[in-house]
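Next come the chains, spelled out residue by residue.
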Amino acid sequence: MIIRGDEPEQIELLKKMYPKGNYFMQGDEAIAYGALFAGCRFYAGYPITPASEIAETMARELPKLKGYYIQMEDEIGSIAAVVGASWTGFKSMTATSGPGFSLMQENLGYAIFTETPLVLVDIQRSGPSTGQATKGAQGDFFQARWGTHGDHPIIAISPTSVEDSFWETIRAFSLSEKFRIPVLVLADGIIGHTREQIKIPDPEEVEIVYRKLPTSDEEAKYPFGDVHGDLIPPMPLFGHDYFTHVTGSTHKENGLRDVYTPEVHDRLVRRLHKKIELHKTEIQKWEEYYIEDAEILLVSWGVSARPSLGAVMEGRKKGIKVGLFIPKTVHPFPGERIKELSKNVQLIIVSEMNLGQVILEVQRFVRDEVPVIGVNKIGGVPLTVEEILKEIESSAERSRHRSAD
Amino acid sequence: MYLKSSYEIRDKYLRKDMLPTIFCPGCGIGAVLQYTLRAIDDLELNQDEVVWVSGIGCSSRVPGYVNFDGLHTTHGRALAFATGIKMANPDLKVIAFMGDGDAAAIGGNHLIHAIRRNLDITVILINNFTYGMTGGQVAPTTPKGLRGTTAPYGSFENPFDIAELAVAAGANYVARWSVFNYLQGINSIKKALQKEGFTLVEFLSPCPISFGRRNKLKTAPELIKWYQKLSVPISKAKEMSPEELEGKVIIGEFTDRDRPSLVKEYEAYKKRAKKAMGWEE
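Note that the coordinates shown come from a computational prediction; the quantities given were computed from them, not determined experimentally.

**Some points on the overall build of chain B**
Reasoning step 1: Counting its regular elements, chain B contains 12 helices and 10 strands.
Reasoning step 2: Relative to a compact globule of 281 residues, whose C-alpha radius of gyration would be 19 Å, chain B shows 19 Å and is just as compact.
Reasoning step 3: Of the contacts made within chain B by residues no fewer than 6 positions apart, 68% connect residues no fewer than 24 positions apart.
Reasoning step 4: Of the roughly 11800 Å² of accessible surface on chain B, 53% is carried by carbon and sulfur atoms.

If you want it as structure tokens, here you go:
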């Protein structure tokens, strides 16, 4: 029996188990609860620091909600099980961190190519390799985009706090279900392990999105075709007499394998890209602070966004015209908006916990028109307000000198 | 047993627009596919309640040819995908069609863990002792001393005995036959499909093109004769010494038992969770 999460019985269970109100919890737990409120009832995972608490929360809660939890033998198996469950109609999730995320890449590609809705949470940790296992980082921005081989689209979301993790996980499910694509949640070890207050809503306040199903046998014949003109094919679930064939090989609109016809591959891969491009405004999300008169634009994401906002507020107190842009959907990257904003600023600063990843995306959009500099920190300790403010102040100082010249 | 003609089986269960198959002359996969379809037909299983899952390799192409729901996945991972399907929808009967390289090399860990969990699934395993699709490289099942393109002087490794492995890991039903034993094969698949928990039927299956011709077994009949020489019925094997069994392949039913399956265990687990909450039904 498929559970979508909005059945009256499920709503009652959620209300009984997690009554509306304030809770004190970790980001990892907030992600798990976000998934439960979004209607996720299948989870497969493998223990890894700093993401294990997501699996532990799901293991504790899912059996009570008539859902399924399984601990697989590795991360490769975890994402595989999630894909399998998704084709039976369950909203499904797995969570991991750096090394596990690397292991999942092949089957992530499979999920993208077979247009399987699922949510994959990467609680980013310091790398490469085992790195600093218990420490947070933001080094997986490009792995999220290009980790699996071949041309492919992807959606990735990055929350900025514990409460934000709850809501952004729900948004991840909504986008995944709506556009039949895996959605990545790029949190990190700091948000994942930080405890703070969050407000759990009534389940009715959460919008539940469920994938488009075929409305006729005719529609079900094209599980990979543009049946409705929106580039999103309805998903004929297993066990409903449709005899759907799903393959990671290049396939025709009817799902059957055809790797010999160049046009078939071209049509399929381009449709997957166009599907995300067409619905980009619905997928992209960002936050802007103090940008109206900003001369310096700070761009930051995930865990670094909060100290960046602090630094911007401190900078404003000192009379520096600095604004902040936070991409919440990091893929597809909202570069067009940054390009627009760049026209009115003298400098862009990008603050992140890596040696420069989002900064490359920013540069790709603004080109040489505006100088772009990075505030980069690695080692597992998050950026502080002071560190970012220092860069804002010295940049303001430099530009004052330049205008004096 | 009344056997329908192959044409009837073909017309009922195969996707005609996907034919002909990719299988080489003398390949055993078509035969095993027919045994599986005959077992399904004999048991009168509902076509929409069966899902076929596979990984990568010649035998993994089978879900593309049959008119059922099918998930043709990544190399070695079929059983991990199948775990999600079967857990989330226990009403579906899941068949995994796998090759020896797919199941025992790249997918070896998924195999032993799916068996350990006693996942309710039937694995039809085509063992041709080689990587057929990629051109005849040595496999974890290649008998010691036999050649592959990546063991041109004869394999120097010990082969896996997949059936014994499955018994040791805890499967509910395990049988091994050569494609030559067609009645036993069909009966074993029927038995496997009716059982709860993990069931595995392995077939020694000829690959004259990629395996045979490198090992002086150029045709399917030569390979089948070799299987006959190689194989020892399990009843006879019990009376033989380990020395006598060296290099032999035991065929027959290895185990037939009813340990509680994953689906059953998880249902009980959900009840335990409710009990812990004081919500007993």
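**With respect to the pairing of strand 15 (residues 347-352) of chain A**
All names here are of chain A.
Reasoning step 1: The element strand 15 is extensively covered by neighbouring structure, given that six of its six residues are classed as buried.
Reasoning step 2: Residues of strand 15 alternate between two faces, with L347, I349 and S351 on one and I348, V350 and E352 on the opposite face, all of them buried.
Reasoning step 3: Across five bridges, strand 12 (residues 296-300) lies against strand 15 in parallel orientation. Across the sheet, the residue bridging to S300 is S351, located in strand 15.

**What about the interface of chain B and chain A?**
Reasoning step 1: Between chain B and chain A, the residue contacts involve 42 residues of the former and 44 residues of the latter.
Reasoning step 2: Of all residues in chain B, D69, H72 and W279 of chain B bury the most surface against chain A, accounting for 15% of the area lost on that side.
Reasoning step 3: The interface formed by chain B and chain A holds one salt bridge in total.
Reasoning step 4: Across the chain B-chain A interface, the total number found is 18 residue pairs in polar contact (both at pLDDT 80 or more).
Reasoning step 5: Looking at the side of chain B that touches chain A, the elements that each hand over two or more residues are helix 3 (62-65), strand 2 (69-72), helix 4 (78-88), helix 6 (108-117) and helix 12 (262-276) of chain B.
Reasoning step 6: A breakdown of the residues in the side of chain B that touches chain A according to their chemical character gives 18 nonpolar, 14 polar and 10 charged.
Reasoning step 7: Across three bridges, strand 10 (residues 245-247) of chain A lies against strand 2 of chain B in parallel orientation. Among the inter-strand pairings, V246 of chain A is bridged to a residue of strand 2 of chain B, identified as L71 of chain B.

**A short note on the nonpolar core**
Reasoning step 1: In terms of nonpolar packing, the biggest core is built from 140 residues, with F42, I54, M58, M93, I348 and V362 of chain A together with F198 of chain B touching the most fellow members.
Reasoning step 2: If you look at the next biggest cluster of nonpolar residues, it comprises 45 residues, including V66, I186, L204 and V249 of chain B.

**Some remarks on the sheet that holds strand 16 (residues 372-376) of chain A**
Strand-to-strand pairing in sheets goes through backbone hydrogen bonds, with the strands running parallel or antiparallel.
All names here are of chain A.
Reasoning step 1: In space, the five strands of this open sheet follow the order 11-13-12-15-16, with mixed pairing throughout. Of all the strands in the sheet, just strand 11 (286-289) and strand 16 have a single pairing partner and so form its edges. Averaged over all neighbouring strand pairs, the angle between strand axes comes to 20 degrees, with direction disregarded.
Reasoning step 2: Sheet strands in contact with helix 14 (residues 358-366) are strand 12, strand 15 and strand 16, and its direction is about 155 degrees off that of strand 15.

**Considerations on unusual backbone geometry**
Residues and elements named next belong to chain A.
Reasoning step 1: G127 connects to P128 through a cis peptide bond whose omega is 5 degrees.
Reasoning step 2: Secondary-structure assignment places P128 in the loop between strand 5 (118-126) and strand 6 (132-136).
Reasoning step 3: Despite not being glycine, Y290 shows a phi value in the positive range, around 55 degrees.
Reasoning step 4: Structurally, the position occupied by Y290 is in the loop between strand 11 and strand 12.

**A short note on the packing of helix 2 (residues 29-42) of chain B against helix 8 (residues 182-194) of chain B**
Residue and element names in this part refer to chain B.
Reasoning step 1: Direction vectors running N to C along helix 2 and helix 8 enclose 55 degrees, while the axes themselves pass 9 Å from each other. If you check the angle between helix 2 and helix 8, you find them oblique. Read as a crossing pair, helix 2 and helix 8 show a hand that is right-handed. Between helix 2, through Y35, T36, R38, A39, I40 and D42, and helix 8, the contact on the second element is made entirely by Y182, I186, I189, K190 and L193.

**Notes on helix 4 of chain B**
Reasoning step 1: Of all 11 residues in helix 4 of chain B, 11 are buried; the element is thus mostly enclosed.
Reasoning step 2: Of the positions making up helix 4 of chain B, those classed as buried are A78, L79, A80, F81, A82, T83, G84, I85, K86, M87 and A88 of chain B.

**Some words on the environment of L3 of chain B**
Residues and elements named next belong to chain B.
Reasoning step 1: In this fold, L3 is placed in the segment before helix 1 (6-13).
Reasoning step 2: Looking at L3, the relative accessible area reads 37%, which means it is partly exposed.
Reasoning step 3: Along the chain, L3 and D42 lie 39 residues apart, while their C-alpha atoms are 8.7 Å from each other.

**Points about the pairing of strand 3 (residues 93-99) of chain B**
Residue and element names in this part refer to chain B.
Reasoning step 1: By the criterion of burial, strand 3 is predominantly enclosed, with six of the seven residues buried.
Reasoning step 2: As judged from the five bridges shared by strand 1 (residues 50-54) and strand 3, these two strands associate in the parallel manner. Within strand 3, the position partnered with W52 by the bridge is I95.
Reasoning step 3: Bridge analysis of strand 3 against strand 4 (residues 121-127) gives five bridges, and the strand direction is parallel. Paired with F97 across the bridge in strand 4 is I124.

**A few points about the sheet that holds strand 7 (residues 173-178) of chain B**
Reasoning step 1: The nine strands are arranged 10(A)-2(B)-1(B)-3(B)-4(B)-8(B)-7(B)-10(B)-9(B) in an open sheet whose pairing can be described as mixed. At either margin of the open sheet sits one strand with a lone partner, and together these are strand 10 of chain A together with strand 9 (231-233) of chain B. Each adjacent strand pair in this sheet contributes to an overall mean axis angle of 20 degrees, direction not counted.
Reasoning step 2: The strands touched by helix 9 (residues 220-230) of chain B are strand 7, strand 8 (198-204), strand 9 and strand 10 (249-256) of chain B; relative to strand 9 of chain B, the strand with the most contacts, the crossing angle is about 50 degrees.

**Quick word on the domain arrangement of chain A**
Reasoning step 1: Per the domain assignment, the segments of chain A are domain 1 (8-205), domain 2 (217-281) and domain 3 (287-404).
Reasoning step 2: If you average the C-alpha positions of domain 2 of chain A and of domain 3 of chain A, the two centres end up 40 Å apart.

**Here's the deal with the side chain of Q47 of chain B**
Reasoning step 1: Take Q47 of chain B: it is sitting in the loop between helix 2 and strand 1.
Reasoning step 2: A distance of 3.1 Å separates a polar atom in the side chain of Q47 of chain B from the backbone oxygen of N67 of chain B.
Reasoning step 3: Excluding anything up to four places from it in sequence, Q47 of chain B contacts F243 of chain A together with K12, Y13, N67 and F68 of chain B.

**Looking at the packing of aromatic side chains**
Aromatic ring pairs are defined here through the distance separating the ring centres and the angle between the ring planes.
Reasoning step 1: If you walk through the whole model with that rule in mind, you get 26 aromatic pairs over all chains.
Reasoning step 2: Residues Y266 of chain B and Y269 of chain B carry aromatic rings whose centres are separated by 5.7 Å and whose planes lie at 40 degrees to one another, so their mutual orientation is tilted. Of this pair, Y266 of chain B and Y269 of chain B both sit in helix 12, three residues apart, which is roughly one turn of the helix.
Reasoning step 3: Ring-pair connections join several aromatic residues into one group, and the members of that group are Y18, Y33, F37, F166 and W167 of chain A.

Quick notes on the rules
- Residues numbered from 1 in each chain as written.
- Chains lettered and ligands numbered in written order.
- Predicted model: local features only at pLDDT ≥ 70, side-chain atom pairs only at ≥ 80, totals over all residues.
- Heavy atoms only, no water.
- Helix = DSSP H or I, 4+ residues; strand = E, 2+ residues; numbered from the N terminus.
- Rg over C-alpha atoms; globule rule 2.2 N^0.38 Å.
- Contact = heavy atoms within 4.5 Å.
- Areas by Shrake-Rupley, 256 points an atom, 1.4 Å probe, with all protein chains shown as cover.
- Buried < 20%, exposed > 50% of the residue type's maximum accessible area, 1.4 Å probe, protein only.
- Pairing = 2+ DSSP bridges.
- Buried area = accessible area lost by both parts, 1.4 Å probe.
- Salt bridge = Lys/Arg side-chain N within 4 Å of Asp/Glu carboxyl O.
- Polar contact = N/O pair within 3.5 Å; in protein donor to acceptor, adjacent residues only side chain to side chain.
- Nonpolar A, V, L, I, M, F, W, Y, C, P; charged D, E, K, R; others polar.
- Core = buried A, V, L, I, M, F, W, Y, C linked by side-chain atoms within 4.5 Å.
- Axes fitted to C-alpha atoms, helices over the stretch in contact; angles between N-to-C directions.
- Parallel < 35°, antiparallel > 145°, perpendicular 65-115°, else oblique.
- Left-handed = near helix turned anticlockwise from the far one by under 90°.
- Domains from an automatic or database assignment.
- Phe/Tyr/Trp six-rings, centres within 6.5 Å; stacked < 30°, edge-to-face > 60°.

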